[in-house]
Amino acid sequence: MKTESRTVCELRDVTYVYPGGTSGRDSGKGQGKESGGETGRSSPEAPGHIPEEIPSGLPAGKRPALSDVTLEVREGEWLALLGSNGSGKSTLAKHLNALLTPTQGDCTVFGMSTKDPHNTFAIRSAVSMVFQNPENQIVGTVVEEDAAFGPENQGTPPEEIETRVRNALAAAGLLEKRKKPTYTLSGGEKQRLAVAGALAMDTPCLVLDEPTAMLDPQGRHELLSILDTLHEGGKTIVSITHRLEEILSCDRAVVLLEGRIAWEGDIPGLFARSESFRKWGLDAPPLVSLWTELRAETQLPLPPVPTLSGMIESLCRLS
Amino acid sequence: MSIIVEALYHTYHPGTPLETRAVENISFECGRGEWLSVVGHTGSGKSTLAQHLNGILLPERGSVTIDGMESREKSPHLREIRRSVGLVFQYPEQQLFAESVFEEIAFAPRNWGVPETGIPAIVSSSLSLAGLDESYCARSPFHLSGGEKRKVAIASVLAGTPSYLVLDEPTAGLDSWSRKELVSLLGRLKSEGLGILLVTHDLDIALQCSDSILMLDHGRGIVNDTPQKVMEHLQSCPVPGLHLPEIAALSSALRRKEPSAPLTYDWKELKRWIKNHAATEASPLTGRKS
């Protein structure tokens with residue numbers, strides 16, 4: 001682990017209560033792209049705005065979506081956010097680029113408080129976000145225009161936008177569709193476009209909320225290898241997923257349970273805690289179950305982390 | 001009683017520069033009480049196909065017949081077809097609109113002319129079929145978690161008492177336990193006589209649950225067979241966008257070394273084989289014991 005690296009985002013005792021909602025989380029209605037076009041009902045009108053109905057103490061009868069969350073995202077790490085539906089993953093992710101600001105506690109990005117509206121632009125130029133539902137973040141009518149929206153907003157020179165868009169679309173496997181209207185894309189292609197839009201912004205930190213949910217197995221594999229390459233290139237990545245087989249390359253995992261951090265640690269450490277998975281809403285993928293039980297019941301030489309290639313290699317190596 | 005699709009074609013924006021053939025010469029049949037999964041790469045035509053099954057899209061060529069009623073323009077049966085085939089969209093929030101879960105679920109039966117006195121019973125049975133309790137009735141569907149929204153969307157489709165349920169990637173974005181619950185809910189509905197047509201990327205689910213699997217590649221149906229045959233096909237010829245699930249891939253790799261290994265998606269079966277094999281004197285795996 002890179003202990004000397006800088007802190008990208010830091011949450012300190014963050015509690016967040018959705019205004020108006022009961023216990024509700026918002027699954028991403030109406031977010032604009034990175035530029036604060038947030039119109040969802042349960043979001044602040046402006047960064048730093050604390051809704052009036054929430055006094056400094058927490059309102060009675062409302063379950064906070066996040067409670068006392070303290071978390072540091074370090075530069076260059078790939079952090080997996082895990083937990084069941086409704087555990088607060090998306091709410092936490094939206095704190096990382098000031099789409100939501102803490103009801104209590106503090107959140108900083110590269111040392112800038114997300115509560116100060118003057119920091120918002122700089123924060124969103126540092127942290128780009130791919131939302132759960134790609135429909136909510138596609139704003140362009142043509143594929144390449146949509147991917148160019150982020151860098152245009154950042155004031156990137158046109159030639160550079162062209163290069164970045166081209167590279168981002170190529171990485172997302174959409175280069176040949178770059179002239180197509182966005183409405184002609186399939187669900188999975190829209191999801192790749194959302195990723196391309198975030199890549200084109202070339203921010204030091206990338207936050208992805210279930211980016212693989214709508215992708216076919218190959219698309220998932222390809223996206224994970226894009227993330228692998230970005231991670232090797234030093235990008236800080238925070239990704240949310242329900243599939244534990246997707247976190248094998250991550251440095252660290254954080255498990256949320258009812259808005260609180262239930263566990264954090266490295267990936268082998270997480271797989272060693274499989275007895276808690278049920279409680280956390282996690283489920284060991286079949287390969288991990290096989291690996292865990294074979295390790296417990298046999299002396300077969302199995303790899304330390306249950307990757308498919310590692311398992312094939314270990315089990316097929318014939319004497 | 002079945003859904004029969006014969007030589008179906010569909011082209012978006014015909015005669016324009018954007019012309020895209022989404023579905024090409026697809027045929028299959030799915031009866032009541034059967035589970036057919038449709039798998040394929042993103043953009044392979046799965047959603048287009050799903051939307052043909054309850055008359056949202058009408059065939060350009062070929063035919064779609066539901067329990068003997070043909071789905072085509074000006075068909076007198078379209079209303080009945082839409083009632084027989086319930087469609088759960090890709091994003092459940094797209095189909096939720098009412099202020100409360102009760103109103104949401106009551107919408108379909110009211111639409112079909114069920115008298116108001118009969119509505120509460122239908123709402124309550126649909127909720128329980130979908131694995132939700134009555135406490136949800138008064139809640140706003142927009143304040144539910146992703147998994148709960150999905151269940152409400154399914155309950156609201158079940159309230160129309162369909163004979164077939166078509167689901168477009170219903171497990172995307174669900175956590176593992178919600179996914180398992182949803183799969184067992186579909187299994188229950190199937191055993192109660194509903195035909196299940198599941199559009200999915202999740203080959204694990206498709207292999208475990210389906211009676212048959214239809215694989216699409218660029219709008220064409222390339223294989224329509226049992227899960228076991230589909231695994232054998234994927235093992236021998238790659239299909240765009242699809243990989244064998246990890247356990248099946250591992251078992252397939254082991255089979256290349258040891259033909260006695262099973263080709264399976266079931267990790268418990270594979271574990272049994274590995275353990276038995278490791279215990280056998282002649283096994284090369286024995287040599288790996290440390």
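Residues numbered from 1 in each chain as written. Chains lettered and ligands numbered in written order. Predicted model: local features only at pLDDT ≥ 70, side-chain atom pairs only at ≥ 80, totals over all residues.

## Structural notes on the overall build of chain A
For chain A, the helix and strand inventory stands at 10 helices and 10 strands. Evaluated residue by residue, chain A yields a buried proportion of 50% over its 319 residues. Of the contacts formed within chain A by residues at least 6 apart in sequence, a portion of 69% connects residues at least 24 apart. (Helix = DSSP H or I, 4+ residues; strand = E, 2+ residues; numbered from the N terminus. Buried ≥ 20, exposed ≤ 12 C-beta atoms within 10 Å, placed from the backbone. Contact = placed C-beta atoms within 7 Å.)

## Observations concerning the confidence of the model for chain B
Residues and elements named next belong to chain B. Of all residues in chain B, 96% attain a pLDDT of 70 or more, and the chain-wide mean is 89. At the level of individual helices and strands, chain B shows its lowest average pLDDT in helix α5 (residues 146–158), which scores 87, and its highest in strand β8 (residues 195–199), which scores 96. A low-confidence stretch, residues 286–290 (pLDDT under 50), is modelled with 10 contacts involving residues beyond four sequence positions or located in other chains. Note on the complex model: pTM 0.77, ipTM 0.75. (pLDDT = per-residue confidence, 0-100.)

## As for the domain arrangement of chain B
All names here are of chain B. For chain B, the domain assignment lists domain 1 (2–243) and domain 2 (244–284). Computed from C-alpha coordinates alone, the two centres of domain 1 and domain 2 are separated by 34 Å. Each side of the interface is counted separately: domain 1 has nine residues, and domain 2 has seven residues. Those elements that provide at least two residues to the side of domain 1 that touches domain 2 are α7 (203–209) and α8 (227–236). (Domains from an automatic or database assignment.)

## Description of the domain arrangement of chain A
Much of the literature gives interface size as the accessible area that the parts lose upon coming together. Per the domain assignment, the segments of chain A are domain 1 (7–284) and domain 2 (285–319). Every contact between the two is made by nine residues of domain 1 of chain A and, on the other side, eight residues of domain 2 of chain A.

## Let's talk about the packing of helix α4 (residues 158–171) of chain A against helix α5 (residues 187–200) of chain A
All names here are of chain A. The geometry of α4 relative to α5 is characterised by a closest axis approach of 8 Å and an angle of 140 degrees between their N-to-C directions. Relative to α5, α4 is oriented so that their crossing is right-handed. Listed contacts from α5 to Arg164, Val165, Ala168, Leu169 and Ala171 of α4 are Ala196, Leu199 and Ala200. Grouping the amino acids of the contact of α4 with α5 by side-chain chemistry returns seven nonpolar, no polar and one charged. (Axes fitted to C-alpha atoms, helices over the stretch in contact; angles between N-to-C directions. Left-handed = near helix turned anticlockwise from the far one by under 90°. Nonpolar A, V, L, I, M, F, W, Y, C, P; charged D, E, K, R; others polar.)

## Let's talk about the pairing of strand β9 (residues 212–217) of chain B
Residues and elements named next belong to chain B. Where strand β3 (residues 35–40) and β9 come together, five bridges link them in parallel fashion. Residue pairing in the sheet places Gly40 in a bridge with Leu216 of β9. Bridge count between β9 and strand β10 (residues 220–225): five bridges; the pairing is antiparallel. Each residue of the ladder has a partner; that of Met215, found in β10, is Val223. Connecting the antiparallel pair β9 and β10 is a turn made up of two residues, with His218 showing a positive phi of about 45 degrees. (Pairing = 2+ DSSP bridges.)

## What about the interface of chain B and chain A?
On the chain A side, the residues contacting the 45 residues of chain B number 51 residues. The set of elements that each furnish at least two residues to the side of chain B that touches chain A consists of α5, α6 (176–191), α9 (246–257) and α10 (267–279) of chain B. Partitioning the side of chain B that touches chain A into residue classes produces 18 nonpolar, 18 polar and nine charged.

## Observations concerning unusual backbone geometry
Residues and elements named next belong to chain A. Positive phi is not limited to glycine here, since Asp68 has a value of about 50 degrees. Assignment of secondary structure puts Asp68 in strand β2 (residues 66–74). The exposure class assigned to Asp68 is partly exposed, which follows from the 15 C-beta atoms found within 10 Å. One non-glycine residue with positive phi stands out, namely Glu210, at about 50 degrees. Mapped onto the elements, Glu210 comes out in the loop between β7 (205–209) and α6 (217–232). Taking the C-beta count within 10 Å as the criterion, Glu210 has 26 such neighbours and is therefore assigned buried.

## Points about α9(B)
Counted at 1.5 Å a residue, the expected span for α9(B) with its 12 residues is 16 Å, and the 17 Å between its end C-alpha atoms agrees. Listed in full, the buried residues belonging to α9(B) are Glu246(B), Ile247(B), Ala248(B), Ala249(B), Leu250(B), Ser251(B), Ala253(B) and Leu254(B). Buried residues along α9(B) sit in contact with α9 (286–297) and α10 (308–316) of chain A together with α8 and α10 of chain B. (Expected span 1.5 Å × (residues − 1).)

## A look at the sheet that holds strand β9 (residues 252–257) of chain A
Residue and element names in this part refer to chain A. Strand order in this open sheet of six strands is β6-β7-β8-β3-β9-β10, and the pairing throughout is mixed. Edge positions in the open sheet fall to β6 (127–130) and β10 (260–265), since each of these has one partner strand only. Across the sheet, the mean angle from the axis of one strand to that of its neighbour is 15 degrees, orientation sign disregarded. Summarising the sheet, strand β3 (residues 78–82) and β9 pair through four bridges and their orientation is parallel. Bridging across to β9, Ala80 finds its partner in Ala253. Along the sheet, α5 makes contact with β6 and β7, crossing β6 at roughly 175 degrees.

## Observations regarding α4(A)
Residues and elements named next belong to chain A. When the terminal C-alpha atoms of α4 are compared, their 20 Å separation across 14 residues agrees well with the 20 Å that a helix rising 1.5 Å per residue should span. Taken as a whole, α4 has its buried residues at Ile161, Arg164, Val165, Ala168, Leu169 and Ala171. Summarising the axial view, the buried residues of α4 lie within an arc of 155 degrees, below the 170-degree limit, and thus occupy one face. Packed against the buried residues of α4 are α3 (143–153), α5 and α6. (Arc of directions from axis to C-beta.)

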